[in-house]
Amino acid sequence: MQEKILILDFGSQYTQLIARRVRELNIYCEIHPYNKIPELTDNLKGVILSGSPHSVREENAPIPNLENIKGKLPLLGVCYGAQHLAYKFGGEVLPSKIREYGRANLSFVDDSHPLLKGVPSGSQVWMSHGDTIAKLPEGYKVIASTHDVECAGYYIENEDTYAIQFHPEVYHSTDGATLLKNFLVDICSCSQDWTSASFVETTVAALKEKLGNDKVVLGLSGGVDSTVTAVLLHKAIGANLHCVFVDNGLLRKDEFSGVLKQYEGMGLNVTGVDAKDRFYNDLAGLSDPEKKRKAIGKAFIDVFDEESNKIEDVVWLAQGTIYPDVIESVSATGGPSATIKSHHNVGGLPDYMKLKIVEPLNTLFKDEVRRVGKAMGLSHDLLGRHPFPGPGLAIRILGDITPEKVAILQEVDHVFIQGLKDHGLYDDVWQAGAMLLPVQSVGVMGDERTYERVVALRAVESVDGMTADWVHLPYEFLAKVSNDIINKVKGVNRVVYDISSKPPATIEWE
Ligand code: XMP
């Protein structure tokens with residue numbers, strides 16, 4: 001069985017980062033809420049306790065039940081985790097006299113200790129805590145200090161239990177990766193064999209076993225997640241995978257035919273469904289963004305349902321859900337109440353479809369999905385595609401949708417995106433697109449007065465779409481693209497560039 005590290009989450013903003021760092025060392029890990037510890041199986045090599053916005057001194061501080069873990073498995077407490085392990089077993093935790101946020105340097109390091117091998121004195125560490133450990137319980141030994149915090153790291157004698165006040169998962173802790181490696185490889189004895197290639201191998205084997213001769217239907221969108229899902233399933237069950245790719249009339253210019261061709265070239269069994277008219281009909285006259293989204297969602301389900309009904313004896317519905325969609329995180333506002341992010345792909349599937357769900361990517365982060373795609377030989381072109389929203393251009397055309405408006409926006413978008421590619425800027429941008437505004441403005445072309453449409457270009461950098469900043473595209477590039485759009489796209493006489501960050505603006509305009 002795949003070796004595993006368990007990360008218990010106390011609601012820290014950095015918990016997912018811990019998982020990222022563990023996985024970068026080719027070690028598989030899972031995040032679970034501190035109050036929902038999964039069954040401890042033999043493949044579990046160690047446990048990490050995350051930080052938290054809470055204080056151990058609060059009345060309702062989150063308290064895990066570590067009865068079967070502490071002293072029995074290697075255990076590392078980070079920040080709140082460190083404070084909990086001290087406080088709970090008789091130590092003293094007090095409000096810090098000096099609140100430590102940001103950079104600090106280790107003034108004392110016991111580098112003979114296995115946890116700190118290769119971590120030099122003076123090493124920069126990232127602190128983020130309002131409490132400090134004032135006194136350790138008996139049998140606890142300090143192994144690192146900073147100028148302001150005497151107990152920045154400790155271990156418990158005769159136990160595989162370690163703790164640090166700082167955050168090794170944050171890049172600003174310059175030797176954080178070394179420390180985590182010491183814990184995971186030397187102390188937990190993890191073998192670092194979780195790679196993209198091994199993921200493909202074990203997942204394909206598991207899918208074969210799970211699905212047998214069953215038929216599976218999958219909705220392809222042209223995006224990275226659904227494509228990688230399709231290729232993995234195809235490796236496992238071949239022609240029993242039936243893919244459906246719907247043209248909702250809201251895709252980019254030539255996207256439907258181009259992507260369909262690519263899919264067929266990869267040997268996938270794909271049915272392309274031209275449902276443009278159906279979507280345009282359902283959208284006719286709707287201007288409210290939420291009504292538009294709902295109409296598109298409903299039309300998609302109806303079309304998809306019709307198509308899957310044509311596949312005889314289909315049992316499974318495959319989805320490209322990824323790990324951030326399913327991590328159940330402890331809410332920052334506290335208590336055992338947990339927030340579960342909604343599965344963006346699952347939303348709204350009607351019960352009557354009665355299909356079993358298979359989600360082979362639901363343990364992977366986005367960049368891991370890309371690496372898995374690469375390991376299976378998918379092209380950079382496919383894997384490097386910008387995210388594109390399910391409702392497509394409908395949420396970039398402000399107001400009601402008509403085929404004519406879609407055609408204009410497709411042309412504008414094409415000039416912009418092709419321009420980014422031609423100027424080597426596409427890969428530097430996380431997402432880009434154009435918005436068609438519901439206003440007209442006066443212009444002059446030749447000797448003629450024009451009264452035409454305005455488009456806004458948007459290009460953002462982001463990690464996960466939750467926050468974003470506008471990209472400072474070179475002026476020369478913006479000038480050229482603006483010129484090209486106005487000259488090539490009939491009906492547009494003005495181009496503006498969106499310089500709003502998220503928050504407060506969102507990436508899409510609707
Ligand atoms: P916002 O506009 O909320 O977008 O800043 C954040 C990211 O989500 C995408 N997005 C969607 N994706 N269905 C999707 O599949 C939607 O309804 C939807 N709305 C926004 C958006 O393109 C960006 O990447």
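Note that the structure is predicted; figures quoted are calculated from it, not measured. Once a new chain begins, its residue numbering starts again from 1 and follows that chain's sequence as written. Per-residue local features of the predicted model are confined to residues with pLDDT of at least 70, and side-chain atom pairs are confined, for both listing and counting, to 80 or more; whole-chain, interface and lining totals are unaffected and use all residues. The basis for every side-chain value is the complete set of non-hydrogen atoms in the structure, without hydrogens or water.

## What about the overall build of the protein chain?
Helical segments are the DSSP runs of H or I of at least four residues, strand segments are the runs of E of at least two, and each set is numbered from the N terminus. Within the protein chain, the secondary structure is distributed over 13 helices and 20 strands. The buried share of the protein chain, reckoned over its 510 residues, is 54%. Residue contacts are defined here by distance: any two heavy atoms, one from each residue, within 4.5 Å place the two residues in contact. For the protein chain, the share of sequence-separated contacts (at least 6 apart) that also reach a separation of at least 24 residues comes to 74%. When the accessible area of the protein chain is evaluated, it comes to approximately 23500 Å², of which 50% is carbon and sulfur surface. Neither His nor the chain termini are counted; the positive set is Lys and Arg, and the negative set is Asp and Glu. All charge positions are set by atom: Lys at NZ, Arg at CZ, Asp at CG, Glu at CD. Taken together, the 51 basic and 68 acidic charged side chains of the protein chain have centroids lying 2 Å from each other. Only protein chains enter the accessibility calculation, which uses a 1.4 Å probe; a residue is then buried when its area is under 20% of its type maximum, exposed when over 50%, and partly exposed in between. The method behind every accessible area is Shrake-Rupley, applied with a 1.4 Å probe, and residues are considered shielded solely by the protein chains displayed.

## A closer look at the packing of helix α5 (residues 224–237) against helix α10 (residues 366–375)
In this description, a line fitted to the C-alpha atoms serves as the axis of each element, helices being fitted only across the stretch in contact, and the angle between N-to-C directions of two axes falls anywhere from 0 to 180 degrees. Running from N to C, α5 and α10 cross one another at 45 degrees; their axes reach a closest spacing of 10 Å. By the angle between their axes, α5 is oblique relative to α10. Where α5 crosses over α10, the two elements pack in a sense that is left-handed. The segment α5 lies against α10, with V224, D225 and V228 engaging K366, V369, R370, V372 and G373. Of the residues in the contact of α5 with α10, the class split is four nonpolar, one polar and three charged. With respect to orientation, any angle under 35 degrees is reported as roughly parallel, any angle over 145 as roughly antiparallel, any angle of 65 to 115 as roughly perpendicular, and every other angle as oblique. Two helices crossing with the near one rotated counterclockwise from the far one by less than a right angle form a left-handed crossing, whereas a clockwise rotation gives a right-handed crossing. Each residue is assigned to one class: nonpolar for Ala, Val, Leu, Ile, Met, Phe, Trp, Tyr, Cys and Pro, charged for Asp, Glu, Lys and Arg, and polar for all the others, Gly among them.

## Details of the side chain of T161
Mapping T161 onto the fold places it in strand β9 (residues 161–164). For T161, the side chain forms a polar contact with the side chain of E159, separated by 2.8 Å. Beyond its immediate sequence surroundings of up to four residues, T161 is in contact with K70, G71, L75, L85, Y155 and I156. In protein, a polar contact means a hydrogen-donor-capable atom and an acceptor-capable atom, both N or O and within 3.5 Å, with residues adjacent in sequence counting only if both atoms are side-chain atoms; elsewhere, any N or O pair within 3.5 Å suffices.

## Digging into the confidence of the model for the protein chain
One confidence number per residue, pLDDT, is output by the predictor and ranges from 0 to 100. Averaged over all residues, the pLDDT of the protein chain equals 93, while 95% of them reach at least 70. Of the regions scoring below 50 in pLDDT, residues 334–347 engages in 26 contacts with residues more than four places distant in sequence or in other chains.

## A few points about the nonpolar core
Put simply, buried Ala, Val, Leu, Ile, Met, Phe, Trp, Tyr and Cys residues joined by side-chain atoms within 4.5 Å make one nonpolar core. Judged by nonpolar contacts, the single largest core of 49 residues is most densely connected at V412, F416, L420, L457, L473 and I485. Looking at which element gives the most residues to this core, the answer is helix α12 (residues 403–422), with eight residues. Membership of the second largest hydrophobic core comes to 39 residues, among which are W194, V204, V216 and W316.

## Here we look at the pattern of salt bridges
Should a side-chain nitrogen of Lys or Arg be within 4 Å of a carboxyl oxygen of Asp or Glu, the pair is scored as a salt bridge. Across all of its chains, the model carries 27 salt bridges by this definition. K366 is the partner of D225 in a salt bridge, and the nearest nitrogen-oxygen pair spans 3.2 Å. Pair noted here: D225 is in helix α5 and K366 is in helix α10, with a separation of 141 residues, a long-range link. For K366, a relative accessible area of 32% corresponds to the partly exposed category.

## Some remarks on helix α1 (residues 15–24)
Each α-helix turn comprises 3.6 residues. Residues three or four places apart therefore point the same way. Buried within α1 we find T15, I18, A19, R21, V22 and R23. Here the buried face of α1 lies against β1 (4–9), β2 (29–33), β3 (44–49), α3 (176–187), α9 (323–326) and α10. Just past α1, the residue N26 takes up positive phi, approximately 60 degrees.

## Observations regarding the site of the ligand
Surrounding the ligand, one finds R293, P389, G390, P391, I395, W430, Q431, G465, K502, T506, I507 and E508. One of the backbone nitrogen or oxygen atoms of G390 is found 3.0 Å away from an oxygen atom of the ligand. Here an oxygen atom of the ligand and a side-chain polar atom of K502 are 2.7 Å apart. Against a free-state accessible area of 500 Å², the protein chains account for coverage of 69% of the ligand. Split into classes, the residues belonging to the shell around the ligand amount to five nonpolar, four polar and three charged. Residues are counted as near a molecule or strand when any one of their heavy atoms sits within 4 Å of it.

## A short note on the pairing of β9
Because side chains alternate across β9, one face comprises the buried residues T161 and A163, and the other comprises Y162 and I164, equally buried. A pair of strands counts as paired when DSSP detects no fewer than two bridges linking them. As judged from the four bridges shared by strand β8 (residues 153–156) and β9, these two strands associate in the antiparallel manner. If you follow I156 over to β9, its bridge partner there is T161. Hairpin connection, β8 to β9: the antiparallel pair is bridged by four residues, and N158 has positive phi, about 60 degrees.

## Side note on the packing of helix α4 (residues 196–211) against α5
The relative placement of two packed helices comes down to the angle between their axes together with the axis-to-axis distance. Following both chains from N to C, one finds α4 and α5 inclined at 60 degrees, their axes separated by 8 Å at the closest point. Comparing the axis directions of α4 and α5 gives the class oblique. At the point where α4 passes α5, the crossing takes the right-handed sense. Residues F199, V200, T203, V204, L207, K208 and L211 of α4 form the contact with α5, whose participating residues are L232, L233, K235, A236 and I237. Tallied by class, residues from the contact of α4 with α5 come to nine nonpolar, one polar and two charged.

## Let's talk about the pairing of β2
Walk down a regular strand and you will see the side chains alternate between the two sheet faces. When you tally the buried positions in β2, you get five out of five residues, the bulk of the element. Residues of β2 alternate between two faces, with C29, I31 and P33 on one and E30 and H32 on the opposite face, all of them buried. Relative to β2, β1 runs parallel, the two being bridged by five bridges. Each residue of the ladder has a partner; that of I5, found in β2, is C29. Orient the strands so they point away from the viewer; a crossover is then right-handed if the path from the first strand over the helix to the second runs clockwise. Handedness of the crossover joining β1 and β2 through α1: right-handed.

## Section: the sheet that holds strand β11 (residues 241–247)
Spatially, the five strands line up as an open sheet ordered β12-β11-β10-β13-β16, and their pairing is parallel. Of all the strands in the sheet, the pair left with one neighbour each is β12 (270–274) and β16 (356–358). In this sheet, adjacent strand axes meet at a mean angle of 30 degrees when their direction is disregarded. Sheet topology places β11 next to β12; five bridges connect them, and they run parallel. Within β12, the position partnered with V244 by the bridge is T271.

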